[in-house]
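Residue-level structural notes
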Amino acid sequence: MTAQPLKPSGKDLQFTQKKKARELKERVIEFILFLAAFSCVATTVAIMYILISESVLFFQEVSLVEFLTSKDWSPLFDPPGYGILPLVSGTLTTTAVALSVALPMGLISAIYLSEFANSSVREVVKPILELLAGIPTVVYGYFALLTVIPALQWLYLPIGPFLSNILPNIFPAELAGFNMLGAGLVMGLMITPLISSISEDAMRSVPINLKEGSYATGATRLQTALKVVLPAAASGVIAAFILGVSRAVGETMIVAIAAGLQPTFTFNPLESAATITAFIVQVSLGDLPHGTLEYQTIFAAGLVLVLVTLAFNVIGYFLTKRFRETY
Amino acid sequence: MVDTRVVNSSVMERKAEVKNLDFYYGSAKALKSVSMVVWDRRVTALIGPSGCGKTTLLRCFNRMHDLYPGNRYDGEILLDGVNILEKQIDPIEVRMRVSMVFQRPNPFPKSIYENVAYGLRVQGITEKSLLDEKVEKALQGAALWNEAKDRLKEPAYNLSGGQQQRLCIARAIATEPNIVLFDEPTSALDPIATSSIEELMNELKEQVTILIVTHSMQQAARVSDYTAFMYLGEMVEFNETNLLFNKPADQKTQDYVSGRFG
């Protein structure tokens, strides 16, 4: 009898028979969640499939060597040229111009907002800055074409003849109405809020403990921001930079409107040139018959674009990992 | 408890003196007419229950409160006779003379060497040989040199918690400050690391004046020469440590040190 009390009575062992029903319900929910997650993956795979399958057809007609080395991109002309380099040079040049604006400006405003501005200033400035990111890019494009480029032309007018005398290969006498400098500058303005916002979040999440450690040695705000906060937030700041690069490489409307649509192999931002994205837009707007080689050029160009962006993302991934700090 | 420390009052000098100090966080008064003396090259402990104002008082000594808007001091803290709370005194210069070790080890995301050199660089020292010399001296002072001398270029985060705290002490003493403030420096450490930090403080006081906030009365009894007991923003009692613990003059001190509240 002494061992009896530990044994549960028979009545307590009555379980409900709802296990199957519950399991089924959870299965259904799990499947719905899986579908939502899977749709993103599926879309990516489908896009890659179409890009690659159409590009395969393209490369049956055009040799990979010509595609990667020829400096002539004129697929719609006779005789056609299928060298991607002019589009790549246009993309890289506008991206470089954009980043030369966006990196310093984004970083400086992030430092200001996270370390210097008091909370009332930050509460006003930050939403406005983020609003900039919400302006449609087509508006930026017209801003570049109708405001920034004329202003640049006006600024360039007095120095142009002088510069073109010294280095005629680099400096034109007059600035073209479409050029990569204007498009790139405006693109830089567009990316600045993105870089600033992500960098600022990274810098603000640096523990107060670390900042006080710096102040306690007698460091000023600037010294603390540059020597402690920035290195501690490096992984987030680099992530912001890479996102900015991807954004610039993939940006379409601004360059299509303001950089010109002539594929030219040049790294000179004062010239006009087409980017990969601008070419795709230009050709997509026309009425190319499905299945023609001209039609397939879009996919080959698109594939290059995806690979360039992918490359930057991979670099960013490793840099972020390299600089990740555990406080 | 037998006090073996000989306090020779003939060579004792006042390093700092707090006179009728009030402190406000906005409109909340956190310190009420606090007065005390910090003796040169002695360890002075601030004890009291949570919220009594001991950390607030500590952070007045290097004017950390100036970092945040709305804080206000009223009264004086004389450091070698100069009131460091004066408006025209630059808090940055105060912090170069009064350094601080924090509750949790907070090394910067830099190498061990650069962590110690940080305060020196902030003060404008760039000469490599001088930096090397001062970094070595500070690491030796913080009893970290033997463990760290072969890995000065390694990130500070590779060190253990106790080593990181000693690194922070090295950073705090590298600039040869007048006072080092310790804000509960062992609260995030295990007992072994704690006792090594306490030993270190005992050695450091030969060179530098130490002010320590601690939650642990045993720690205050172990490391300090003088103890101040604070309660609700007021200085209840300030005396030699063994007197404060063994013959407290105030009933509140008696209750606190005997563990009746807190």
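This section reports on the structure supplied with the text. (Residues numbered from 1 in each chain as written. Chains lettered and ligands numbered in written order. Predicted model: local features only at pLDDT ≥ 70, side-chain atom pairs only at ≥ 80, totals over all residues. Heavy atoms only, no water.)

Remarks on the sheet that holds strand β1 (residues 14-25) of chain B
Residue and element names in this part refer to chain B. What counts here: Here, any two strands with at least 2 DSSP bridges between them count as paired. Helix and strand definitions follow DSSP, with helices as H or I runs of at least four residues and strands as E runs of at least two, each counted in order from the N terminus.
Strand order in the open sheet formed by 4 strands is β2-β1-β4-β5, and the pairing between neighbours is antiparallel. Across the chains shown, the open sheet's two edge strands, defined by having one partner strand only, are β2 (28-39) and β5 (82-83). As defined by bridge partners, β1 adjoins β2 across 8 bridges and the pair is classed as antiparallel. Across the sheet, residue A16 finds its bridge partner in β2, namely V38.

Quick word on the nonpolar core
In globular proteins that are soluble, nonpolar side chains generally tend to be buried together. Let me state the cut-off plainly: Working definition of a nonpolar core: buried Ala, Val, Leu, Ile, Met, Phe, Trp, Tyr and Cys residues. They are joined through side-chain atoms within 4.5 Å. Relative accessible area decides the class of each residue, using a 1.4 Å probe on protein chains only: under 20% of the type maximum gives buried, over 50% gives exposed, and in between gives partly exposed.
Counting residues in hydrophobic clusters, the biggest one holds 47 residues, and the most contacted among them are I47(B), L139(B), I169(B) and F182(B). Counting 35 residues, the second largest nonpolar core, distinct from the first, contains L31(B), V38(B), C52(B) and L58(B).

Details of the pairing of β1(B)
All names here are of chain B. Taking the residues between adjacent antiparallel strands as the criterion, β1 and β2 are bridged by 2 residues, where G26 takes a positive phi near 65°. As defined by bridge partners, β1 adjoins strand β4 (residues 71-79) across 8 bridges and the pair is classed as antiparallel. For A16, the partnering residue across the bridge sits in β4 and is L79.

Quick word on the state of the cysteines
Residues and elements named next belong to chain B. Using the following cut-off: Disulfide: a pair of cysteine sulfur atoms within 2.5 Å of each other.
In this structure the tally under the stated criterion is 0 disulfides over all chains. Summary of cysteine pairing: C52 is not part of a disulfide, and the nearest cysteine sulfur, belonging to C60, is at 13 Å. Here C52 falls in the buried class, since its relative accessible area comes to 2%.

So, the packing of helix α6 (residues 161-173) of chain B against helix α7 (residues 191-204) of chain B
Axis angle and axis distance: for two packed helices, these are the angle between their axes and the distance between the axes, and together they describe the pair. Residue and element names in this part refer to chain B. What counts, and what does not: Angular values range over 0 to 180 degrees, each being the angle between N-to-C directions of two axes fitted as lines to C-alpha atoms, with helices fitted over their stretch in contact. When describing relative orientation, an angle under 35 degrees is termed roughly parallel and one over 145 degrees roughly antiparallel, while 65 to 115 degrees is termed roughly perpendicular and anything else oblique. Note: crossing handedness is left-handed where the near helix turns anticlockwise from the far helix by less than a right angle, and right-handed where it turns clockwise. When checking whether two residues touch, look at their non-hydrogen atoms; a contact exists if any pair is within 4.5 Å. In this classification, the charged set is Asp, Glu, Lys and Arg, the nonpolar set is Ala, Val, Leu, Ile, Met, Phe, Trp, Tyr, Cys and Pro, and all remaining amino acids, among them Gly, are polar.
Their axes nearest at 9 Å, the elements α6 and α7 cross at an angle of 20°. Our classification of the angle between α6 and α7 gives roughly parallel. By crossing handedness, the relation of α6 to α7 is classed as right-handed. Contacts between α6 and α7 pair G162, Q165, R166, I169 and I173 from the former with A193, S196, I197, L200 and L204 from the latter. Each residue belonging to the contact of α6 with α7 can be placed in one class, and the counts come to 6 nonpolar, 3 polar and 1 charged.

Looking at the interface of chain A and chain B
Which entries qualify depends on this criterion: Accessible-area loss on putting two parts together, using a 1.4 Å probe and summing over both, is the definition of buried area adopted here. Salt bridge, as applied in this entry: a Lys or Arg side-chain nitrogen positioned within 4 Å of an Asp or Glu carboxyl oxygen. Pairs of N or O atoms are called polar contacts if they sit within 3.5 Å, as long as, within protein, a hydrogen donor faces a hydrogen acceptor (for residues adjacent in sequence, only side-chain-to-side-chain pairs).
Contacts between the two partners involve 22 residues from chain A and, on the opposite side, 25 residues from chain B. Each partner contributes to the roughly 1,900 Å² buried at the junction of chain A and chain B, and carbon and sulfur atoms together form 58% of this total. It is E212(A), A216(A) and T217(A) in chain A that bury the most area against chain B; as a group they hold 29% of the surface buried on that side. If you look at where chain A meets chain B, you find 1 salt bridge. Notably, a salt bridge pairs E212(A) with R59(B), separated by 2.7 Å at the nearest N-O pair. One can count 5 residue pairs in polar contact (both at pLDDT 80 or more) joining chain A with chain B.

Examining the side chain of K126(A)
Residues and elements named next belong to chain A. Mapped onto the elements, K126 comes out in helix α4 (residues 119-132). For K126, a relative accessible area of 17% gives the class buried. If near-sequence neighbours (up to four positions away) are discounted, K126 is found in contact with L113, S197, E200 and D201.

Some words on the environment of T309(A)
All names here are of chain A. Tracing the backbone through its elements, the reader meets T309 in helix α13 (residues 293-323). Spatially, the C-alpha atoms of T309 and E251 are 11 Å apart, while their sequence positions differ by 58 residues. Filtering out sequence-adjacent residues up to four positions away, T309 remains in contact with S246 and V249.

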